[in-house]
Amino acid sequence: MTSESKSRITGTVQVKRGLAEMLKGGVIMDVVTSDQAKIAEDAGACAVMALERVPADIRRDGGVSRMSDPEMIEGIKAAVTIPVMAKARIGHFVEAQILQALGVDYVDESEVLTPADETHHIDKWAFTVPFVCGATNLGEALRRISEGACLIRSKGEAGTGNIVEAVRHLRSIIGDIRKITQADNAELFQWAKTLQAPLPLVQEIAETGWLQVPLFCAGGIATPADAALAMQLGAEAVFVGSGIFKSDDPSPRAKAIVEATTHFRDADILAKVSRGLGAPMTGIGMDDTVKFAERGW
Amino acid sequence: MGSPQVRPVIGVLALQGAFAAHERALASVGAATRQVRTPGDLAAVEALVMPGGESTTMARLLHTSGLFTPLAARLAEGMPVFGTCAGMILLATEVLDGRADQHGFAAVDIAVRRNGYGRQIDSFEADIEVVGLETPFHAVFIRAPKVERAGSAVTVLAEHEGVPVLARQGAITVASFHPELTPDPRLHGLFVTDNDLTK
């Protein structure tokens, strides 16, 4: 939603997507307290995601997972100078309204929380605050963009410390973008049908060779090498959830992941920053795991 | 320095932020570019664009990458630099509302307030008049720094609501907005031609 005064216009697509541009090449870290937010900022995070429990704990505790307490979000906003994001449940536009009123910089309409609507996502055009949404494939990404998302992240499988699902999602999204750039006009109609995505967005990808908004990686990053893998696959920045504050020694690991994301093609630097970080979070396999990524439609 | 047959290479500081958009804008005005992440990269360029992004993140990475000292030396030698948003913060002599440990290059005599225009919901677009351009430039401000003081050595090239938003001191140009996010390449063109980076 845009609003216009005499000498400035706010809430435009340009300023919403613009903040995502500023986050590129950076690491957005999940934090649950002001102290963690400060550790993240000191380590070089380009933004923090304020939430009550990291995904690994949400997975362990079960039950319904909701938007965080505004008091906790405000505490984190006051503790750091970098952008603060927060999560709303899929389809829960009132949680998003509250987060906008709190002045958060980005809302994550997230499958990590329990969905509030099994059919509809939030109409994100109705907001001044920008939204990030998860996607497992290109069709899902384009449906979210058509609803007003200004940043797409892979869903991966949050709270597992296992990068395999994020790799699957990035390969699927980026692989299909590559194929679309080779398609002729007739094939683009079929692509739109197959992806269940709006034709104009598919045609735009064929022209530009990339998504309309930045594409970041989330879900399962636990090591500097994981972050660099996501970047080399084509992600433009990374979210790290449980991977930092569920590890043995969060601060050095956070710093190492920041450096690995910047120098993602430099194996010498990656080798240097990967040393002596202590144990990463204990990962879990996918066989018996509840898949958060299946939430969202 | 490059021989007359070789186009000068303009570096784009690629530690974090909107460096890719700057590369596109520079390419559209015919400049050769190179991403700068290490001292070796810096030694290979003749000018530098410092992009928007998070200034705290970049400040940390300037130190871990070993770029801070050589970049400070190049600034002192008069290397042409264009700093936008976070780049402006890193080049300013005084940063208000920054982190206590935040110190940059102090190369342009301005005081800037981080996020001086507010949070993301206050980010905005506006048309500004720029010295040297015949028609207004459409500027995008994102969690922008606000210039609260400009010293006598600083030439203000554009203002918005009476506040400087584009300024120059010597070979260094700074903007609180993002010329790389709009398709209008005129400011990148001015940076290239004013600093003789086309030959």
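Bear in mind that the values here come from a model prediction, so they are computed numbers and not experimental data.

A word on the overall build of chain B. The number of helices and strands found in chain B is six helices and twelve strands. On C-alpha atoms alone, chain B measures out to a radius of gyration of 15 Å, which is about the 16 Å that the 2.2 N^0.38 rule sets for 199 residues. For chain B, the proportion of contacts with a sequence separation of at least 24, taken over those separated by at least 6, is 65%. For chain B, the accessible area works out to roughly 7,300 Å², and carbon and sulfur atoms hold 52% of it. Side chains of chain B give 16 positive and 21 negative charges; the mean places of these two sets differ by 7 Å.

Glancing now at unusual backbone geometry. Residue and element names in this part refer to chain B. One non-glycine residue, Ala-106, lies in the positive phi region at around 45 degrees. Take Ala-106: it is sitting in the loop between strand S5 (92-96) and strand S6 (108-113). Not every positive phi belongs to a glycine, and Asp-196 is a case in point at roughly 60 degrees. Mapped onto the elements, Asp-196 comes out in the segment after helix H6 (186-194). For Asp-196, a relative accessible area of 47% gives the class partly exposed.

Here we take up the sheet that holds strand S10 (residues 155-160) of chain B. All names here are of chain B. Ordered in space as S2-S1-S3-S4-S12-S11-S10, the seven strands form an open sheet in which the pairing is mixed. Two strands bound the open sheet, and with one partner strand each, they are strand S2 (32-36) and S10. With direction set aside, neighbouring strand axes in the sheet form an average angle of 20 degrees. Where strand S1 (residues 9-13) and strand S3 (residues 47-50) come together, three bridges link them in parallel fashion. Looking at S3, one finds that Ile-10 is bridged to Ala-47. On top of the sheet, helix H1 (residues 19-28) reaches S1, S2, S3 and strand S4 (81-84); it is set at about 160 degrees to S1, its chief contact. Set on the sheet, H6 makes contact with S1, S3, S4 and strand S11 (163-169); between it and S4 the angle comes to about 155 degrees.

What follows deals with the packing of helix H7 (residues 164-182) of chain A against helix H8 (residues 185-195) of chain A. Between two packed helices, the angle of one axis relative to the other and the distance separating the axes together describe the packing. Residues and elements named next belong to chain A. Look at H7 against H8: their axes get within 10 Å of each other, and the N-to-C directions meet at 155 degrees. Classified by the interaxial angle, the pair formed by H7 and H8 is roughly antiparallel. In the crossing of H7 with H8, the sense of the turn from one axis to the other is left-handed. When H7 is examined against H8, the residues Asp-176, Lys-179, Ile-180 and Gln-182 are found in contact with a partner set consisting of Glu-187, Leu-188, Trp-191 and Leu-195. Within the contact of H7 with H8, the residues separate by chemical class into four nonpolar, one polar and three charged.

A word on the pattern of salt bridges. All names here are of chain A. On inspection of all chains with the given rule, the structure shows 31 salt bridges over all chains. A salt bridge links Arg-153 to Asp-108; the nearest nitrogen and oxygen atoms lie 2.9 Å apart. Within this pair, whereas Arg-153 is found in strand S8 (residues 151-154), its partner Asp-108 is found in strand S6 (residues 106-110), the two being separated by 45 residues in sequence. The residues Arg-153 and Asp-108 share a single accessibility class, namely buried. Beyond isolated ion pairs, a larger network of salt bridges with shared partners links Arg-53, Asp-57, Arg-60, Asp-61 and Lys-246.

Below, the discussion takes up helix H3 (residues 55-64) of chain B. Taking burial as the measure, the ten residues of H3 of chain B include seven buried ones, the bulk of the element. Structurally, H3 of chain B contributes buried residues whose contacts are with helix H12 (250-262) of chain A together with S1, helix H4 (68-76) and helix H5 (86-91) of chain B. Looking one or two residues past H3 of chain B, Gly-66 of chain B carries a phi angle of roughly 75 degrees, positive in sign.

Once that is clear, we can look at the pairing of S2 of chain B. All names here are of chain B. As paired elements, S1 and S2 share five bridges and run parallel to each other. Looking at S2, one finds that Val-12 is bridged to Gln-35. Crossover S1 to S2 through H1 is right-handed.

The interface is formed by 40 residues belonging to chain A together with 39 residues belonging to chain B. Of the roughly 3,300 Å² buried where chain A meets chain B, counting both sides, 53% is carbon and sulfur surface. As a salt-bridge pair, Arg-143 of chain B and Asp-105 of chain A come within 3.0 Å of each other at their nearest N and O atoms. Taken together, the connections running from chain A to chain B amount to 22 residue pairs in polar contact (both at pLDDT 80 or more). Counting only elements with at least two residues in the side of chain A that touches chain B, the list comes to strand S2 (9-10), helix H1 (13-23), helix H2 (34-43) and H12 of chain A. At eight residues, H1 of chain A tops the list of elements feeding residues into the side of chain A that touches chain B. Considered class by class, the residues forming the side of chain A that touches chain B number 15 nonpolar, 15 polar and ten charged. Across two bridges, the pairing between S2 of chain A and strand S7 (residues 124-128) of chain B is antiparallel. Bridging from a neighbouring strand, Thr-10 of chain A pairs with Phe-124 of chain B of S7 of chain B.

A separate point is the pairing of strand S4 (residues 47-50) of chain A. All names here are of chain A. In S4, alternate side chains face the same way, and those of Ala-47 and Met-49 on one face and Val-48 and Ala-50 on the other are all buried. Of the pairings in the sheet, the one linking strand S3 (residues 27-31) to S4 comprises four bridges and is parallel in character. Bridging from a neighbouring strand, Val-31 pairs with Ala-50 of S4. Chirality of the crossover, the property in question, places the unit of S3, H2 and S4 among those that are right-handed.

Time to look at the sheet that holds strand S9 (residues 146-150) of chain B. Within a beta sheet, neighbouring strands are joined by backbone hydrogen bonds and run either parallel or antiparallel to one another. Residues and elements named next belong to chain B. The mixed open sheet is built from three strands, whose spatial order is S5-S6-S9. Either end of the sheet is taken by a strand with one partner, and the two such strands are S5 and S9. Recorded for the sheet is a direction-independent mean angle of 25 degrees between the axes of neighbouring strands. By the bridge criterion, four bridges tie S6 to S9 in an arrangement that is antiparallel. The partner of Ile-110 across the bridge, within S9, is Ala-150.

Quick notes on the rules
- Residues numbered from 1 in each chain as written.
- Chains lettered and ligands numbered in written order.
- Predicted model: local features only at pLDDT ≥ 70, side-chain atom pairs only at ≥ 80, totals over all residues.
- Heavy atoms only, no water.
- Helix = DSSP H or I, 4+ residues; strand = E, 2+ residues; numbered from the N terminus.
- Rg over C-alpha atoms; globule rule 2.2 N^0.38 Å.
- Contact = heavy atoms within 4.5 Å.
- Areas by Shrake-Rupley, 256 points an atom, 1.4 Å probe, with all protein chains shown as cover.
- Lys, Arg positive; Asp, Glu negative; His and termini not counted.
- Charge placed at Lys NZ, Arg CZ, Asp CG, Glu CD.
- Buried < 20%, exposed > 50% of the residue type's maximum accessible area, 1.4 Å probe, protein only.
- Pairing = 2+ DSSP bridges.
- Axes fitted to C-alpha atoms, helices over the stretch in contact; angles between N-to-C directions.
- Parallel < 35°, antiparallel > 145°, perpendicular 65-115°, else oblique.
- Left-handed = near helix turned anticlockwise from the far one by under 90°.
- Nonpolar A, V, L, I, M, F, W, Y, C, P; charged D, E, K, R; others polar.
- Salt bridge = Lys/Arg side-chain N within 4 Å of Asp/Glu carboxyl O.
- Right-handed = clockwise from strand over helix to strand, strands pointing away.
- Buried area = accessible area lost by both parts, 1.4 Å probe.
- Polar contact = N/O pair within 3.5 Å; in protein donor to acceptor, adjacent residues only side chain to side chain.

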